[in-house]
Amino acid sequence: APQLPWLWTERGSEETTVLFVKGQLQDKDLIIVSPPDDAVVWYYSELYGIKNSQFDSRIAFDRALVLVDPAEDQTPASVIADRGPDQAVLDVESARLLGEFGKLQVYDVSCE
């Protein structure tokens, strides 16, 4: 490892995405992510101090930050259907791309 210091300075898609989301996150936001990226995103979220409750769709929220992996044929609607609350709660048509970080995209989705 000491001979390869650059390995420790590069961040992957999931870590970079979590850092971006942390900067955007408000108290009543929900984060929605599905496989294959969920476990890695949860790991980095815990590492950087994002509360587990921000992933709990049973708790009241004002908006959702949806993490999408287009290489896995994901869309905001498919991620919400897989891991989010009832689609009637969110206005999927309002999905707005906030940023793209390697293989992941972050969308802002409003409540109905």
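The shown structure was predicted, so the numbers you read here are calculated from the model rather than taken from an experiment. (Residues numbered from 1 in each chain as written. Predicted model: local features only at pLDDT ≥ 70, side-chain atom pairs only at ≥ 80, totals over all residues. Heavy atoms only, no water.)

All right, on to the pattern of salt bridges then. Counted according to the given criterion, the structure contains 8 salt bridges. Between Asp 108 and Arg 63 there is a salt bridge, and its shortest N-O distance comes to 2.6 Å. Residue Asp 108 is found in strand S4 (residues 104–111), and its partner Arg 63 is found in strand S2 (residues 63–68); the two are separated by 45 residues along the sequence. We classify Asp 108 as buried; its relative accessible area is 8%. Members of the salt-bridge network, linked through shared partners, are Glu 14, Asp 37, Asp 69 and Lys 103. (Salt bridge = Lys/Arg side-chain N within 4 Å of Asp/Glu carboxyl O. Helix = DSSP H or I, 4+ residues; strand = E, 2+ residues; numbered from the N terminus. Buried < 20%, exposed > 50% of the residue type's maximum accessible area, 1.4 Å probe, protein only.)

Where helix H1 (residues 13–24) meets helix H2 (residues 38–47), the axes come as close as 9 Å, and the angle between the chain directions of the two elements is 50°. Here H2 runs oblique to H1, going by the angle between their axes. Both H1 and H2 take part in a crossing whose hand is right-handed. Facing Glu 14, Glu 15 and Val 18 of H1, the residues of H2 in contact are Val 40, Val 41, Tyr 44 and Ser 45. (Axes fitted to C-alpha atoms, helices over the stretch in contact; angles between N-to-C directions. Parallel < 35°, antiparallel > 145°, perpendicular 65-115°, else oblique. Left-handed = near helix turned anticlockwise from the far one by under 90°. Contact = heavy atoms within 4.5 Å.)

What follows concerns the sheet that holds S2. Taken in spatial order, the 4 strands of this open sheet run S1-S2-S4-S3, and their pairing is mixed. In this open sheet, the two strands that pair with only one neighbour each are strand S1 (29–32) and strand S3 (90–101). When the angles between neighbouring strand axes are averaged without regard to direction, this sheet yields 25°. Pairing analysis gives 4 bridges linking S1 to S2, with the strands arranged parallel. Across the sheet, residue Asp 29 finds its bridge partner in S2, namely Arg 63. Contacts between H1 and the sheet are confined to S1, S2, S3 and S4, with S4 contributing the most and set at about 30° to the helix. (Pairing = 2+ DSSP bridges.)

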